[in-house]
Amino acid sequence: MTSDGFLIADDVRRAFGGVTAVDVDHFEVERGSIVALIGPNGAGKTTFFNVLTGFERADQGSWAFEGTGLAGRPAYAIARSGLVRTFQTARVFPRLSVVDNVALAAPGQRGERLFSSLIPVRWRRQDEELRDRARELVGWVGLGGKADDYAGTLSGGQRKLLELARAVMAAPRLLMLDEPMAGVNPALRQALLEKITELPSEGITVLFVEHDMDVVSAIADVVVCMAQGSIIASGTPAEVAADPVVIEAYLGRSVDDLRDMSTGAPTAPEPAEEP
Amino acid sequence: MLGLSVSSALVDGLRDAVSVPACVYALAATGLNLQFGYAGLMNFGHIASGMVGAYGMAISVNEGLPLWVGLIVGVVAGVVLGLILGLPTLRLRADYLAIVTISAAEILRVVINSARLQDVTGGPIGISGIARSFYAINPYPDGRYGFGSWSFNQNTMWSMTVGWIAVALACLFVWRITTSPWGRMLKAIREDEEAARSLGKNVFAAKLQALVLGSVIGAFAGMLYALDGGFVKPEFYVSQVTFNFYLVVILGGIGTVFGPVVGAMAYWFVISLFNSLLTQMIGNDSYGPIGPTDTGPSRFVVVGLAVILLLVFRPQGILGDREEALVRDQ
């Protein structure tokens with residue numbers, strides 16, 4: 001992987017008590033790519049996400065986005081620098097309309113400064129443009145018919161779509177999606193996948209956490225596999241899927257054991273006989 | 001029926017619905033609504049903002065400073081209180097703010113009440129004679145204004161005029177800032193702080209702004225109350241009053257511009273109406289457990305009952321949006 005200094009992380013560690021949740025020596029994302037972060041439950045993927053985006057403190061380590069160090073910076077500042085994340089369970093603003101949910105995500109809003117908010121001429125036109133753009137994005141994710149409803153009336157899958165539109169509205173250059181497909185029904189899945197593959201052409205690099213290998217193979221250029229807090233493999237989807245270390249991490253036993261299983265040789269201890 | 005004069009009770013209710021206490025409650029609740037209704041901040045010590053505003057003004061005037069200086073001191077006291085409460089607590093979880101604010105309000109009241117500070121705060125006696133220059137500029141000639149028993153003297157008219165203008169300005173201010181992108185951001189923070197952070201919003205700064213602004217509006221409410229009576233006393237500023245403000249906000253409609261105003265008027269209407277009715281009914285007799293001295297507390301029982309019924313049948317309050325109130329989080 002050639003390093004263009006887009007997102008580079010080194011020696012990032014985070015422990016909870018005695019448990020090391022994240023222990024990543026080196027990690028990088030190339031501009032314009034779609035990178036999947038996979039790994040068994042408890043591998044530290046979400047914690048790593050949280051650390052990179054400032055939602056969780058790192059015990060040590062450094063990471064830089066477009067050459068700017070982000071370690072120790074607050075979450076909102078990291079988001080403003082162009083690194084925007086979504087959550088595993090979609091977090092929408094239930095008592096705001098779908099359009100408002102998206103419109104408020106825009107950066108650099110003049111009307112968000114308290115004193116400017118008192119003087120509508122300073123923000124009215126900008127806000128109208130933002131609301132138009134928000135409406136477009138709501139339509140882009142297929143929620144056009146719900147644009148003026150409260151976000152709290154949406155289903156779980158629709159909330160995921162809304163969260164994607166909202167995150168895109170925040171003008172990210174790197175979008176980090178934490179399990180974008182979780183809870184999304186199969187009918188919406190394909191639509192969501194297509195949206196994600198459109199992002200790089202809009203100048204948005206994508207890093208996402210996913211469990212479903214079909215999804216990963218379908219859209220990822222690069223797959224990174226984590227287990228027990230560390231990165232154990234990376235490469236193309238095919239390479240990673242065939243990597244014995246990855247298979248072992250997922251299945252909890254070595255490939256040799258599996259091979260033995262397929263030939264019928266017993267590998268697990270025999271169950272105790274019934275008395 | 002029991003020789004009740006419902007019409008005189010109604011007049012009592014209607015008088016109190018527009019009188020100075022309703023106006024003070026409307027103002028204080030407007031400040032609380034900005035914090036609680038729009039920003040989701042659980043400020044359980046809102047009465048403290050009224051107290052520091054009133055005492056800031058009263059102490060200044062008592063020291064011989066002109067009233068306008070006193071007003072500025074009151075506002076500054078509100079700002080300082082908001083900052084002192086917010087800076088250490090707003091990074092913490094919401095319930096910490098509730099504990100810290102209610103404690104701070106009680107601590108401030110006990111300190112002001114202290115006999116050792118009698119030279120400055122007047123201790124338990126308070127400070128009187130602070131509104132002379134306020135009534136000196138009263139444009140209403142002596143007399144009574146209104147219809148029959150629904151009427152007010154010239155001083156009350158003057159306080160009411162100033163008070164309702166202040167309420168109107170506060171509503172205008174709250175309407176302007178909450179219907180702007182700033183207000184949209186504030187509501188988003190109320191709904192989900194973490195998500196707002198993930199979109200680049202400076203949650204801490206916005207919450208601090210809301211807390212300070214609400215505190216300043218509360219300070220104005222305290223100053224208005226002090227000017228109307230012409231004195232300040234620590235016993236006005238007990239924590240129970242904060243919860244009356246909450247009642248007013250919930251009654252009127254959480255997170256609506258005019259909810260606190262309508263809520264305050266409804267609150268005083270009901271209180272006064274039932275006070276009048278109960279006083280007439282009971283007179284000097286006793287009915288079961290209720291004796292002549294129990295009419296005061298009994299009206300609060302009625303208000304409590306009214307609020308319970310309201311929340312069952314109209315959870316959004318008088319002015320709130322039912323659909324919004326019933327939206328589920330997940």
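Only a predicted model underlies this, so the values are computations on that prediction, with no experimental measurement involved.

> I'm lost on the overall build of chain A in this one. Help?
The helix and strand tally for chain A stands at 11 helices and 10 strands. Taken along the three principal axes of its C-alpha coordinates, chain A extends 80 × 40 × 40 Å. The long-range share in chain A, meaning contacts at least 24 apart out of those at least 6 apart in sequence, stands at 65%.

> Looking at this model, I keep getting lost on the overall build of chain B. Mind explaining?
Regarding its fold elements, chain B presents 15 helices and 4 strands. Its C-alpha radius of gyration of 21 Å places chain B within 12% of the 20 Å reference for a compact globule of 330 residues. With respect to the three principal axes, the spread of C-alpha positions in chain B is 65 × 55 × 40 Å. Burial status across chain B gives 50% buried among its 330 residues. Once local pairs closer than 6 in sequence are excluded, the contacts in chain B between residues at least 24 apart make up 74%.

> Help me understand the interface of chain A and chain B, please; the structure alone is not making it clear to me.
Often, the extent of an interface is quoted as the loss of accessible area upon association of its parts. In this complex, chain A contributes 28 residues to the contact, which on the side of chain B involves 26 residues. Within the residue set of the side of chain A that touches chain B, elements represented by two or more residues are α2 (75-80), β6 (83-85) and α4 (114-117) of chain A. Its residues assigned to classes, the side of chain A that touches chain B shows 15 nonpolar, 5 polar and 8 charged.

> Would you mind showing me how to read the sheet that holds strand β10 (residues 230-235) of chain A here?
Sheet strands line up and pair through hydrogen bonds in the backbone, either parallel or antiparallel. Residue and element names in this part refer to chain A. The 6 strands are arranged β6-β7-β8-β3-β9-β10 in an open sheet whose pairing can be described as mixed. What marks the edges here is a single partner per strand, and that holds for β6 and β10. Recorded for the sheet is a direction-independent mean angle of 20 degrees between the axes of neighbouring strands. The sheet contact formed by strand β3 (residues 34-38) and strand β8 (residues 205-209) spans 4 bridges and is parallel.

> Can you help me understand the nonpolar core in this one?
One recurring pattern in soluble globular proteins: nonpolar side chains tend to sit buried together. If you look at the biggest cluster of nonpolar residues, it comprises 182 residues, and the most contacted ones within it are Tyr25 and Leu27 of chain B. Tallying contributions element by element places helix α11 (residues 203-229) of chain B first for this core, with 16 residues. For this core, the two domains that each supply at least three residues are domain 1 (7-91 + 171-262) and domain 2 (93-153) of chain A. Look past the residues within four positions of Tyr25 of chain B in its chain and what remains in contact with it is Phe245, Val248, Ala264, Tyr267 and Trp268 of chain B.

> Where do I start with the confidence of the model for chain A in this structure?
Interpretation of this model should avoid reading the predicted coordinates in detail wherever pLDDT is low. Residue and element names in this part refer to chain A. Here chain A shows a mean pLDDT of 88. Residues at 70 or above account for 91%. Mean pLDDT values over the elements of chain A span from 56, in helix α11 (residues 255-262), up to 97, in helix α3 (residues 98-103). Confidence over residues 264-275 falls short of pLDDT 50; this stretch has 4 contacts with residues more than four positions distant or in other chains.

> I tried to follow unusual backbone geometry on my own but got confused; where do I start?
A negative phi angle is the norm for most residues apart from glycine, just as the trans form is the norm for most peptide bonds. Residue and element names in this part refer to chain A. The phi torsion at Asp11 lies on the positive side, around 50 degrees, for a residue other than glycine. Residue placement: Asp11 occurs in strand β1 (residues 7-16). One non-glycine residue with positive phi stands out, namely Glu179, at about 50 degrees. With respect to the helices and strands, Glu179 occurs in the loop between β7 (174-178) and α7 (186-198).

> Help me out: how do you make sense of the packing of helix α9 (residues 181-191) of chain B against α11 of chain B in this one?
How two helices sit against one another is set out by the angle between their axes and by the gap between those axes. All names here are of chain B. Across the interface, α9 lies against α11 with an axial gap of 10 Å and an inter-helix angle of 105 degrees. Between α9 and α11, the angle falls in the class roughly perpendicular. In this structure, α9 uses Met185, Leu186 and Ile189 to contact α11, whose residues at the interface are Val203, Ala206, Lys207 and Ala210.

> I keep staring at the environment of Phe231 of chain B and nothing clicks. Help me out?
Residues and elements named next belong to chain B. On the secondary structure map, Phe231 appears in strand β4 (residues 231-232). Distance from Phe231 to Ala131, taken between C-alpha atoms, is 7.5 Å for residues 100 residues apart in sequence. Filtering out sequence-adjacent residues up to four positions away, Phe231 remains in contact with Gly126, Ile127, Ser128, Ile130 and Ala226.

> Sorry if this is basic, but what is going on with the sheet that holds β1 of chain A here?
Residues and elements named next belong to chain A. The antiparallel open sheet is built from 4 strands, whose spatial order is β2-β1-β4-β5. In this open sheet, the two edge strands, each paired with only one partner strand, are β2 (19-29) and β5 (68-69). In this sheet, β5 lies alongside strand β4 (residues 60-65) in antiparallel orientation, the contact comprising 2 bridges. When the sheet's bridge partners are listed, Phe65 is paired in β5 with Thr68. Against the sheet, helix α1 (residues 45-52) makes contact with β1, β2 and β4, and its axis sits at roughly 65 degrees relative to β2, the strand it touches most.

> I tried to follow the environment of Phe313 of chain B on my own but got confused; where do I start?
Assignment of secondary structure puts Phe313 of chain B in helix α14 (residues 295-313). Taking the C-alpha atoms as reference points, Phe313 of chain B and Thr256 of chain B, separated by 57 residues in sequence, lie 18 Å from one another.

> Can you help me understand the pairing of β7 of chain A in this one?
A regular strand places its side chains so that they alternate between the two faces of the sheet. Residue and element names in this part refer to chain A. Within β7, 5 of the 5 residues are buried, which leaves it mostly tucked inside the rest of the structure. Burial along β7 is two-sided: the residues Leu174, Met176 and Asp178 and Leu175 and Leu177 are all buried. Here 3 bridges tie β6 to β7, and the two strands are oriented parallel to one another. Pairing of Leu83 across the sheet is with Leu174, part of β7. Pairing analysis gives 5 bridges linking β7 to β8, with the strands arranged parallel.

> Just checking my understanding: could you explain the confidence of the model for chain B for this structure?
Averaged over chain B, the pLDDT score is 91; the fraction of residues at 70 or greater is 97%. Taken together, the chains of this predicted complex give a pTM of 0.90 and an interface ipTM of 0.87.

> Just checking my understanding: could you explain the pairing of β3 of chain A for this structure?
All names here are of chain A. With 5 of 5 residues buried, β3 lies mostly within the body of the structure. Going residue by residue along β3, you find Ile34, Ala36 and Ile38 tucked away on one face and Val35 and Leu37 tucked away on the opposite face as well. Note that β3 and strand β9 (residues 222-227) share 4 bridges and pair parallel. Bridge pairing in β9 links Ala36 to Val223.

> What is the right way to look at the environment of Leu67 of chain B in this model?
Residues and elements named next belong to chain B. Position of Leu67 relative to the elements: it lies in helix α4 (residues 67-89). Residue Leu67 is classed as partly exposed on the basis of its C-beta count, with 19 C-beta atoms lying within 10 Å. Taking the C-alpha atoms as reference, Leu67 lies 42 Å from Val6; in sequence the two are 61 residues apart. Not counting chain neighbours up to four residues away, the residues in contact with Leu67 comprise Val61, Ser133 and Phe134.

> It is not clear to me how the packing of helix α3 (residues 47-62) of chain B against α4 of chain B should be interpreted in this structure. Could you clarify?
All names here are of chain B. Contact geometry of α3 with α4 gives a least axis separation of 7 Å together with a crossing angle of 145 degrees. In this structure, the crossing between α3 and α4 has a hand that is right-handed. In this structure, α3 uses Ala48, Ser49, Val52, Gly53, Ala54, Gly56, Met57, Ser60 and Val61 to contact α4, whose residues at the interface are Leu67, Val69, Gly70, Leu71, Val73, Gly74, Val76, Ala77, Gly78 and Leu81. Residues that form the contact of α3 with α4 fall into these classes: 12 nonpolar, 7 polar and no charged.

So, how was this worked out
- Residues numbered from 1 in each chain as written.
- Chains lettered and ligands numbered in written order.
- Predicted model: local features only at pLDDT ≥ 70, side-chain atom pairs only at ≥ 80, totals over all residues.
- Helix = DSSP H or I, 4+ residues; strand = E, 2+ residues; numbered from the N terminus.
- Contact = placed C-beta atoms within 7 Å.
- Rg over C-alpha atoms; globule rule 2.2 N^0.38 Å.
- Buried ≥ 20, exposed ≤ 12 C-beta atoms within 10 Å, placed from the backbone.
- Nonpolar A, V, L, I, M, F, W, Y, C, P; charged D, E, K, R; others polar.
- Pairing = 2+ DSSP bridges.
- Axes fitted to C-alpha atoms, helices over the stretch in contact; angles between N-to-C directions.
- Core = buried A, V, L, I, M, F, W, Y, C linked by C-beta atoms within 7 Å.
- Domains from an automatic or database assignment.
- pLDDT = per-residue confidence, 0-100.
- Parallel < 35°, antiparallel > 145°, perpendicular 65-115°, else oblique.
- Left-handed = near helix turned anticlockwise from the far one by under 90°.

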